[in-house]
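# Coordinate inspection notes
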Amino acid sequence: MKKTGSQILLESLLQEGVDTVFGYPGGTVINIYNDLPDYPIKHILTRHEQAAVHAADGYARATGRVGVAIATSGPGATNTVTGIATAYMDSIPMVVITGQVPTPLIGNDAFQEADIVGITRSITKHSYLVKDVKDLARIIKQAFYIARTGRPGPVLIDLPKDVQIASTKFVYPESVELRGYKPTYSGNVRQVEKAAKMILAARRPVLYVGGGASASDAGQDLIQFAELIQAPVVTTLMGMAAFPSSHPLSLGMLGMHGTYYANMAVTNSDLLVAIGARFDDRVTGRIAAFAPKAKIIHIDIDPTSIKKNVRVDLPIVGELRDVIEKILCKLREEGESVEALPDLTAAWRSQVAAWRAQYPMTYKPSNSVIKPQYVIEKIRELTAEDAIIATEVGQHQMWTAQFFNFSHPRTFLTSGGLGTMGFGLPAALGAQVGCPDRQVIDISGDGSFQMNSQELATLVQYQLPVKIAILNNNFLGMVRQWQQLFFDKRYSQTPLELPIDFVKLAEAYGATGLRANHPDEVEDVIRKALATPGPVLMEFKIDREENVMPMVPAGAAIDEMVLAS
Amino acid sequence: MVSHVAKHTISVMVENEFGVLTRVAGLFSGRGFNIESLSVAPTLDDSISRMTIVTSGDDRILEQITKQLNKLIDTIKVIDFTDTEYVERELALIKVLATDDTRAEILRIVDIFRGNVVDVTARSYTMEITGAPGKIQAVVELLKPIGIQELVRSGPVVLGRGAKGWVG
């Protein structure tokens, strides 16, 4: 039986196991929306296309499944750009479907036409402009395959209106044939053997865990690895939840706002094993002074990540779990020499413990003004262990990373690579749709929140019980912090002077709004929010000029930290 | 780390599909890599195009270029000819203004470099020259004082020496 392009699209989504899409209708996707009610696919109508993409992203981060977003051509498509770039930088599996003007009009500067394939070329893993309805099923199959395999990423399908209307016989391909795309999953055995030798020879080893460990759900393998060789573990922002911060070997986050002891450990290590991390500049600081005494083993599924920023002594391309399991296997074969390892590295762990004791992660508590770190600690204390936390970008994001102590995979949704303000609320929304039984919380700043605050409407419409915690300092706090420290307190354009009544804003949308002005009120507000059904916005009036510390100034080495301001 | 900037010739087999050229070109511009020349045409299998790219950079940049090219979904094979034996040829079409005084000299140069005259008028010769880029450059230098009206170079194409070859 023949089906139209829009029916083929929806049938294919079903074939891929998609039951939820995030989107926004418009002229060139009207056919898809007309057919949508005939399919068992839940559509979440966001209030902005950017939010639809972030929601699909949050859904993917929380569930591990491919997120799907739909937008119309032209402005709808260009509104997806920030969302796509965010997902690309953090390697999130996603398929974005944009409508396009009919093929005869492409290139004519037609109404609501934008060359979205061209615009997104450098921020997608791959993209397609579908010119013939006969190619559509194959392209969708390929798009999902590309999005979720290898190093995951967003794939864009631009679907002209006439292709949606045209019809053909629907046959969903059973397999994917892409001769140019064959990710390496299996780690090279010789490289693994070399890695085992280097690990046995190391006396000051550190495991450096990145977002790849989150993407490949390698947490259990990492714990086994770290415990076998008794090596301290540092994580990036993206790798945080992959290795439990409650684990005695965890040193928390490294880099610009990392812990003192994580940065000291990396700087003084003699072997750094990078696992699904990419040596981002926020991690390395001054690159010439990064882990200067260490040999570096770099395990990653993406060969382009290896030797991009730093010298690497031993590259291993492969899927993390495969490679770690092989290394563990090889080490266990070594018997006595691996059993002797914890003793040989005991002095190193004592040194690391001394650094930790010297400058633990801490802040100055207050009885008179709300400290943001206190709010975060309280949220952690009062939520279930497996609560999913999304953040926006800025100071609140770093405080969350420093003080939430994540311990469960896929519970920390944050824009690490692109650093997208306005990501958290829609991401939390998407995560809540994907995980209806979990507690989802967006920790936000007053600046970031206003970049996608319209999504309160979506939360209320679908009665998604996301709790929002705005740490309100009436500043664009992170930029203000830089201005304070490096620009002589010239607070150019960072005070957000207009005192927004966020409680009223929440109420205007039909959500519950709560406010804490004083430290005594913090716990009550959080308890009340968690006990209230549906979406709740909590506003915390925090210490206006609290800083994120420690901090590595731009251009400094990561052991040259400013510890307090 | 010693960084030695050198010229490199890379062949890239790609799916002969819409937008592939912009993906490759965009990769170079987006990551700040140089393209000195690029030529592209279908192979025996017309679903595959072969690009020959001349680029420059140190070893680290070249490694990134080949890795990034391989990462493109449409890239089927990347061959870096650095440190290998290969045959390199470029075609140039050169239009030279000819006067009674220079006609014989122009033809002599064409002859020495085994070129062919492919178009002739009372005032000009257009010739084709093939060879390694150095040879083309030599012809150009010789003809410059005589008066080059127009010049087009194809950019080099290369194949590895020996019996081995890449079959799609």
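Scoring rules and cut-offs
Sequence positions are assigned chain by chain, starting from 1 and proceeding in written order. Chain labels run from A onward and ligand labels from 1 onward, assigned in the order the entries are written. Under the rules for a predicted model, residues below a pLDDT of 70 receive no local features and side-chain atom pairs below 80 are neither given nor counted, while totals for whole chains, interfaces and linings still include all residues. With hydrogens and water stripped out, all remaining heavy atoms of the structure feed into the side-chain values. Take a side-chain nitrogen of Lys or Arg and a carboxyl oxygen of Asp or Glu: if they are within 4 Å of each other, that pair is a salt bridge. Strands here are runs of E lasting at least two residues and helices are runs of H or I lasting at least four, both read from the DSSP assignment and numbered beginning at the N terminus. Between buried and exposed lies partly exposed: a residue is buried under 20% and exposed over 50% of the maximum accessible area for its type, with that area taken using a 1.4 Å probe on protein chains only. When DSSP finds at least two bridges between two strands, those strands are taken to pair. Contact criterion: two residues are considered in contact whenever any of their non-hydrogen atoms come within 4.5 Å of each other. Using a 1.4 Å probe, buried area is obtained as the accessible area two parts lose upon being combined, added over both of them. Side-chain classes are defined by residue name, with Ala, Val, Leu, Ile, Met, Phe, Trp, Tyr, Cys and Pro counting as nonpolar, Asp, Glu, Lys and Arg as charged, and the others, Gly among them, as polar. Here the aromatic set is Phe, Tyr and Trp, taking the six-membered ring for Trp, and pairing holds for ring centres within 6.5 Å; pairs whose planes are under 30 degrees apart are stacked, those over 60 apart are edge-to-face, and all others are tilted. Residue types Ala, Val, Leu, Ile, Met, Phe, Trp, Tyr and Cys, when buried and joined through side-chain atoms within 4.5 Å, form a set referred to as a nonpolar core. To obtain an axis, a line is fitted to C-alpha atoms, over the contacting stretch when the element is a helix, and the angle between two such axes runs from 0 to 180 degrees between their N-to-C directions.

## Here we look at the pattern of salt bridges
All names here are of chain A.
- Following the criterion strictly, the structure yields 35 salt bridges over all chains and no others.
- Taking the shortest distance from any N to any O, the salt bridge between arginine 61 and aspartate 90 comes out at 3.0 Å. Residue arginine 61 is located in helix H3 (residues 49-63), and its partner aspartate 90 is located in the loop between helix H5 (81-89) and strand E5 (94-100); the two are separated by 29 residues in the primary sequence.
- Given a relative accessible area of 7%, arginine 61 falls into the buried group.
- What makes aspartate 90 buried here is its relative accessible area of 9%.
- For glutamate 381, the salt bridge goes to lysine 378, with nearest N and O atoms at 3.0 Å. Here the residue glutamate 381 and the residue lysine 378 both occupy positions in helix H18 (residues 372-382), the gap between them amounting to 3 residues, near one helical turn.

## Description of the pairing of strand E3 (residues 42-45) of chain A
- The sheet contact formed by strand E2 (residues 20-23) of chain A and E3 of chain A spans 4 bridges and is parallel. What sits directly across from phenylalanine 22 of chain A, in E3 of chain A, is isoleucine 44 of chain A.

## Describing the interface of chain A and chain B
- Listed as interface residues are 19 residues of chain A and, on the opposing side, 21 residues of chain B.
- Summed over both partners, the interface of chain A with chain B comes to about 1700 Å²; 50% of that surface belongs to carbon and sulfur atoms.
- Applying the counting rule to chain A against chain B returns 3 salt bridges.
- With its nearest N and O atoms 2.8 Å apart, the salt bridge here joins lysine 71 of chain B to aspartate 302 of chain A.
- Sorting elements by how many residues they give to the side of chain A that touches chain B places strand E6 (residues 126-129) of chain A first, with 3 residues.
- Grouping the constituent residues of the side of chain A that touches chain B by class yields 6 nonpolar, 4 polar and 9 charged.

## Focus on the packing of aromatic side chains
- Going through the model one piece at a time under the given rule, you end up with 15 aromatic pairs over all chains.
- With centroids separated by 5.9 Å and ring planes inclined at 90°, the aromatic side chains of phenylalanine 279 of chain A and phenylalanine 290 of chain A adopt a geometry described as edge-to-face. Of this pair, phenylalanine 279 of chain A sits in the loop between strand E12 (271-275) and helix H13 (281-284) while phenylalanine 290 of chain A sits in the loop between H13 and strand E13 (295-300), and the two are 11 residues apart along the sequence. By the burial criterion, phenylalanine 279 of chain A is buried, and phenylalanine 290 of chain A matches it.
- Aromatic pair phenylalanine 28 of chain B and phenylalanine 33 of chain B: ring centres 6.0 Å apart, planes at 80°, arrangement edge-to-face.
- Given a relative accessible area of 12%, phenylalanine 33 of chain B falls into the buried group.
- Through a chain of ring-to-ring contacts, three or more aromatic side chains come together here, namely Tyr208, Phe279 and Phe290 of chain A.

## Quick word on the nonpolar core
Residue and element names in this part refer to chain A.
- Ranked by internal contacts, the top residues of the largest apolar core, which has 65 residues, are Tyr208, Val266, Leu272, Phe290 and Phe540.
- Top contributing element to this core by residue count: helix H12 (residues 260-268), with 6 residues.
- Excluding its chain neighbours within four sequence positions, the residues that come into contact with valine 266 are Val206, Val234, Leu254, Leu272, Phe290, Ala291 and Ile558.
- Listed in part, the 44 residues of the second largest apolar core include Ala77, Met94, Leu429 and Ala506.

## Thoughts on the environment of valine 117 of chain A
Residues and elements named next belong to chain A.
- In this fold, valine 117 is placed in helix H6 (residues 116-119).
- Assessed through its relative accessible area of 5%, valine 117 is described here as buried.
- Separated by 40 residues in sequence, valine 117 and alanine 77 place their C-alpha atoms 9.6 Å apart.
- Ignoring sequence-local partners within four residues, the contact set of valine 117 consists of Ser127, Tyr128, Leu129, Leu156 and Asp158.

## Brief notes about the sheet that holds strand E10 (residues 233-235) of chain A
Residues and elements named next belong to chain A.
- Ordered in space as E11-E10-E9-E12-E13-E14, the 6 strands form an open sheet in which the pairing is parallel. Across the chains shown, the open sheet's two edge strands, defined by having one partner strand only, are strand E11 (250-253) and strand E14 (314-317). Each strand of the sheet is rotated relative to its neighbour by a mean of 15°, with strand direction disregarded.
- Where E13 lies against E14, 4 bridges are found, and the strand directions are parallel. Note that in E14 the partner of isoleucine 297 across the bridge is leucine 314.
- Running at roughly 135° to E14, helix H9 (residues 189-201) makes contact with E12, E13 and E14 of the sheet.

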